Amino acid sequence: MHQLRYLIKTYGCQMNERDSEIMAGQLDQLGYQATFSEADADLIVVNTCAVRKSAEDHALGYIGQLRQVKMERPEVTIAVAGCMAQEPGTIAWLTKHAPQVDVVFGTHNLHQLPELLERAEHSDEMIVDVWQSAGEVVEHLPSRRKDGVRAFVNIIYGCDKFCTYCIVPFTRGKERSREMQPIIAEVQALARQGFQDVTVLGQNVNSYGHDLDPARDLADLLRELEKIDGIRWLRYTTSHPRDFSQKLIDTIAASNKITRHVHLPVQAGSNPILKRMNRKYTKESYLDLIARVKSRIPDASLTTDIIVGFPGESEADFEQTLELVRTVRYDAAFTFIYSAREKTPAARWEGRDPVPPQVKKDRLNRLMELQYKISLEANQALIGRQQLVLVEGVSKKSARIWAGRTQSNKVVLIDRDPAVDLLDRFVPVRITGAKTFYLSGHISGRPLEGPEVRRIALPMAN
Ligand code: SAH
Ligand code: SF4
Ligand code: F3S
């Protein structure tokens, strides 16, 4: 019989990456095999992101290319999933412009993938099945994780923060935490399979557990997870400054497993803008939080997200953002030009009071220039130090270089002896060079002893 093959193209954040792993697990169970090429795929799933227009344009461009694939091989099934599918505008657009698409489903019903494929097989029409709100948290879904020692684990779905620029609360629904026990069981199973670097996921991990009975919090969860043998690094993403508690800071400070990487998206440095963004903190309370983090965790690596050109942002507002960046001295910042999102309050303000495109670009450039200088200085300060690096692969640029990451997520390029396989190993590295986006160094000790890592993807055991 013909071996069915699938390809999943994933856009967006780690939550989407994780959803793709769950889709892959379901397809494994249906007897499909993964492929990397459109040319021999029987099923292509496009897992989309809606956070900015540019993300949508990438996905739509790819969906456009699939028209050719469908023309050449009409038997291919094309599915569109993810955050864009949750937007009514997308469905209307696909219906009109993308007849090559067979199935559309959203973020709340990806566990229905097998049924949806079955329905698509018996239909000539585009099957659209998008749930407007989330049902109960679904446990026991199969999943196929990427090979290696790094794994992602969902702990909370959705977001209740409703920042006025953001589409995520609409595409991901209200906050729902997983119970602590199945999360612990999942991480224990991962440790048994040889995973050593676990990142817990949520749009706002700091609100983990408030909806459980009894209520729990992220610090409680991390304290349980760090007891699990075999797990070396525990990371979390993403956190909101408002709920980043002193208890969590103290928990990180006392732990030798929880990452020292503290990502605290600030978005803007001006109080009126923060208020209109509905971020629910002020510049002063944010800076106080940063000071508490720095004093309890002196080796913390701080990063942030910043939006420029929010509707009504004046030059003086923007200068306060620059000022805040100079004060905090982040290791790195993800910087974005504001992008109006349908249904959000800020999209209406953008209609009345937009920042001109050229000004937005100019502000982005000024911000990046400042941040790059600070990033370089922060990296240079690590020269001479020893860091533990997880080796992720051979550098794309040279077979004589390994690429890896520190626990604080900094990229490190390491001299490579092709005779020694260090893939997926944790190695001590002496840092000898620093650039804006990466460090370089050489191996300064033996790799940590660890389990053999090659493994086959297993269903999640919980
Ligand atoms: N839950 C995360 C954010 C996820 S989106 C958090 O609150 O930190 C990642 C980043 O994209 C945000 O932090 C923000 O900086 C940016 N972003 C979100 N919506 C945007 C928009 N409409 N335009 C530009 N950037 C946006
Ligand atoms: Fe969007 Fe704000 Fe929720 Fe982050 S916290 S996902 S920026 S609404
Ligand atoms: Fe994008 Fe959805 Fe993540 S909008 S950033 S894929 S939650």
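Residues numbered from 1 in each chain as written. Chains lettered and ligands numbered in written order. Predicted model: local features only at pLDDT ≥ 70, side-chain atom pairs only at ≥ 80, totals over all residues. Heavy atoms only, no water.

As annotated in an unreviewed UniProt entry, the protein chain carries the name tRNA-2-methylthio-N(6)-dimethylallyladenosine synthase and comes from Sulfobacillus acidophilus. UniProt, in the comment section headed Subcellular location (unreviewed entry), describes the protein chain in these words: "Cytoplasm". (UniProt positions renumbered as here; feature names shortened; annotations may be inferred.)

A few words now on the site of ligand 2. Close to ligand 2 lie Cys159, Lys161, Phe162, Cys163, Tyr165, Cys166, Val168, Pro169, Gln203, His240 and Arg279. Class assignment of the residues belonging to the shell around ligand 2 gives a composition of seven nonpolar, two polar and two charged. (Near = heavy atom within 4 Å. Nonpolar A, V, L, I, M, F, W, Y, C, P; charged D, E, K, R; others polar.)

Per the UniProt record, "domain: MTTase N-terminal" (unreviewed entry) is found at residues 4-122. Helix makes up 46% of residues 4-122 and strand 19%, whereas the separation of the span's terminal C-alpha atoms amounts to 17 Å. (Helix = DSSP H or I, 4+ residues; strand = E, 2+ residues; numbered from the N terminus.)

For the rest of this paragraph, the subject is the confidence of the model for the protein chain. For the protein chain, mean pLDDT is 94; residues scoring 70 or higher make up 97% of the total. Residue range residues 454-462 is modelled with pLDDT below 50. Its contacts to residues more than four positions away, or to other chains, number 27 contacts. (pLDDT = per-residue confidence, 0-100. Contact = heavy atoms within 4.5 Å.)

Right, let's talk about the domain arrangement of the protein chain for a bit. Assigned domains within the protein chain: domain 1 (5-129), domain 2 (150-380) and domain 3 (386-443). Centre-to-centre separation of domain 1 and domain 2, based on C-alpha positions: 29 Å. The interface is formed by 19 residues belonging to domain 1 together with 19 residues belonging to domain 2. For the pairing of domain 1 and domain 2, the buried interface totals around 1,700 Å² over both sides, and the portion due to carbon and sulfur atoms is 52%. (Domains from an automatic or database assignment. Buried area = accessible area lost by both parts, 1.4 Å probe.)

A separate point is the UniProt feature "domain: Radical SAM core" (unreviewed entry) in the protein chain. The sites that carry the UniProt feature "domain: Radical SAM core" (unreviewed entry) are, in the present numbering, residues 145-377. Taken end to end, residues 145-377 has its terminal C-alpha atoms 36 Å apart, with 42% of it in helix and 15% in strand.

Our next topic: the pairing of strand β19 (residues 438-443). The pairing of strand β17 (residues 411-415) with β19 spans four bridges and is classified as parallel. Note on β19: the bridge partner recorded for Leu413 is Ser440. Relative to β19, strand β18 (residues 426-434) runs antiparallel, the two being bridged by five bridges. Among the inter-strand pairings, Ile431 is bridged to a residue of β19, identified as Gly441. What sits between β18 and β19 in their antiparallel hairpin is a turn of three residues. (Pairing = 2+ DSSP bridges.)

Here we take up the site of ligand 3. Taken together, the residues surrounding ligand 3 are Cys13, Asn16, Cys49, Ala50, Val51, Cys83, Arg172 and Gln203. Of the residues belonging to the shell around ligand 3, the class tally is five nonpolar, two polar and one charged.

Let us now look at the sheet that holds β18. Taking strand neighbours around the barrel as the criterion, the five strands line up as β15-β16-β17-β19-β18 in a closed arrangement whose pairing is mixed. Taking each pair of neighbouring strands and ignoring which way they run, the sheet shows an average axis angle of 50 degrees. (Axes fitted to C-alpha atoms, helices over the stretch in contact; angles between N-to-C directions.)

Before going further, it helps to spend a moment on the nonpolar core. In terms of nonpolar packing, the biggest core is built from 67 residues, with Ile155, Tyr165, Leu225, Tyr236, Phe244, Tyr286 and Val293 touching the most fellow members. Considering every element that reaches this core, the biggest residue donor is helix α6 (residues 180-192), with six residues. Setting aside anything within four residues of it in sequence, one finds Tyr286 in contact with Pro241, Leu264, Pro265, Val266, Tyr281, Thr304, Leu324, Val328 and Tyr330. Ranked by size, the runner-up nonpolar core spans 26 residues in total, among them Ala59, Ile78, Val80 and Val130. (Core = buried A, V, L, I, M, F, W, Y, C linked by side-chain atoms within 4.5 Å. Buried < 20%, exposed > 50% of the residue type's maximum accessible area, 1.4 Å probe, protein only.)

This part is about the pattern of salt bridges. This structure, assessed with the given rule, holds 34 salt bridges. With its nearest N and O atoms 3.6 Å apart, the salt bridge here joins Arg150 to Asp197. With Arg150 in strand β7 (residues 150-154) and Asp197 in strand β10 (residues 197-201), this residue pair connects regions lying 47 residues apart in the sequence. Looking at Arg150, the relative accessible area reads 22%, which means it is partly exposed. Note that Asp220 and Lys247 form a salt bridge whose closest N and O atoms lie 2.7 Å from each other. Of this pair, Asp220 sits in helix α7 (residues 218-225) while Lys247 sits in helix α8 (residues 246-254); the two residues are 27 residues apart in sequence, bridging distant segments of the chain. The class of Asp220 is buried, set by a relative accessible area of 17%. (Salt bridge = Lys/Arg side-chain N within 4 Å of Asp/Glu carboxyl O.)

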